[in-house]
Amino acid sequence: SGLGYSIGSFDSQVASTVCVFVPFQFKLEFDSLVDDASAIFSEITREYDGIELGGDLQDLEFRATRPDRQDHGVGELSRATAEQLFLAVRLARIRQTEVSLPVVIDDATTNFDPNHAARVFDVIGELTETNQVFFLTCHPDFVDLVSSNGTASQCWGIDSGRFQGMESAEALRQWLGDGATVR
């Protein structure tokens, strides 16, 4: 029974240490993620200087911060700005991942005005230095943004479930403009 007490005491100490260490480690990792996401969000919006994270582990609350102005919770932001905030968090997480996995982005800029969309594609262009990025879209204007930012890219269409290589971004743009999304 003395041994059982000693093991129980040890288990209690380990559990106590874990309960203190895990949230601390989690907060350090989240602080790093939020710092990176803030930089991306600021670059995309040019209206907000970052993101703050509040709440606890069970109920995280993101807030967009502005210099010399009131901060805004996600529910107070326009749909596009809220999407930009969450896209910034996702892109920051991808940047922090040690393994360079392919990234699939499916029409993430649909609700953005042309200026914000262009800045998102600049950030995605930086991401292509470490990751293979697949950007899926049915919007010809986004093809123009990708081809105009100087990022090396290949253009593909999907016709009746089959991939079809395109000679150029202009060929894909024209193909999309011809109603390819209903094929």
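Higher on the page you've got the structure.
Everything numeric here is computed off the predicted structure, so don't read it as measured data.

Calculation notes
Residues numbered from 1 in each chain as written. Predicted model: local features only at pLDDT ≥ 70, side-chain atom pairs only at ≥ 80, totals over all residues. Heavy atoms only, no water. Helix = DSSP H or I, 4+ residues; strand = E, 2+ residues; numbered from the N terminus. Buried < 20%, exposed > 50% of the residue type's maximum accessible area, 1.4 Å probe, protein only. Contact = heavy atoms within 4.5 Å. Areas by Shrake-Rupley, 256 points an atom, 1.4 Å probe, with all protein chains shown as cover. Salt bridge = Lys/Arg side-chain N within 4 Å of Asp/Glu carboxyl O. Pairing = 2+ DSSP bridges. Right-handed = clockwise from strand over helix to strand, strands pointing away. Axes fitted to C-alpha atoms, helices over the stretch in contact; angles between N-to-C directions. Parallel < 35°, antiparallel > 145°, perpendicular 65-115°, else oblique.

The subject of this paragraph is the overall build of the chain. The number of helices and strands found in the chain is five helices and seven strands. In the chain, the succession of helices and strands from N to C terminus is α-β-β-β-α-β-α-β-α-β-β-α. Taken over 183 residues, the chain has a buried fraction of 31%. Put simply, of all contacts in the chain between residues at least 6 apart along the chain, 53% involve residues at least 24 apart. Of the roughly 11600 Å² that the chain leaves accessible, carbon and sulfur atoms contribute 52%.

Tracing the sequence through the fold places Leu101 in the loop between α2 (79-96) and β4 (103-106). Here the alpha-carbon distance between Leu101 and Val133, two residues 32 residues apart in the chain, equals 9.0 Å. Not counting residues up to four positions away in its chain, the partners in contact with Leu101 are Asn131 and Gln132.

Moving on, we come to the pattern of salt bridges. Taken as a whole, this structure holds six salt bridges when the rule is applied. Between Arg95 and Glu126 there is a salt bridge, with the nearest N and O atoms lying 2.9 Å from each other. One end of the pair, Arg95, is in helix α2; the other, Glu126, is in helix α3 (residues 114-127), and 31 residues separate them in sequence. A relative accessible area of 35% means that Glu126 is categorised as partly exposed.

Take the pairing of strand β5 (residues 133-136) next. Note that β4 and β5 share four bridges and pair parallel. For Val103, the partnering residue across the bridge sits in β5 and is Val133. The β-α-β motif built from β4, the intervening α3 and the parallel element β5 has right-handed crossover chirality.

This part is about unusual backbone geometry. Most peptide bonds are trans, and most residues other than glycine sit at a negative phi. Positive phi values are uncommon outside glycine, yet Arg46 reaches one of about 60 degrees. Looking at the secondary structure, you find Arg46 in the loop between α1 (2-45) and β1 (50-56). You can call Arg46 exposed: its relative accessible area is 62%. Although it is not a glycine, Ser160 sits at a positive phi angle of roughly 55 degrees. Structurally, Ser160 can be placed in the loop between β6 (156-159) and β7 (162-165).

What follows is about the packing of α2 against α3. It is the contact of α2 with α3, at a shortest axis distance of 11 Å, that shows an interaxial angle of 10 degrees. Considering the angle they form, α2 stands roughly parallel to α3. Residue-level contacts link Gln84, Leu87, Leu91, Ile94 and Arg95 of α2 to His116, Val120, Val123, Glu126 and Leu127 of α3.

Geometry only, nothing functional implied.
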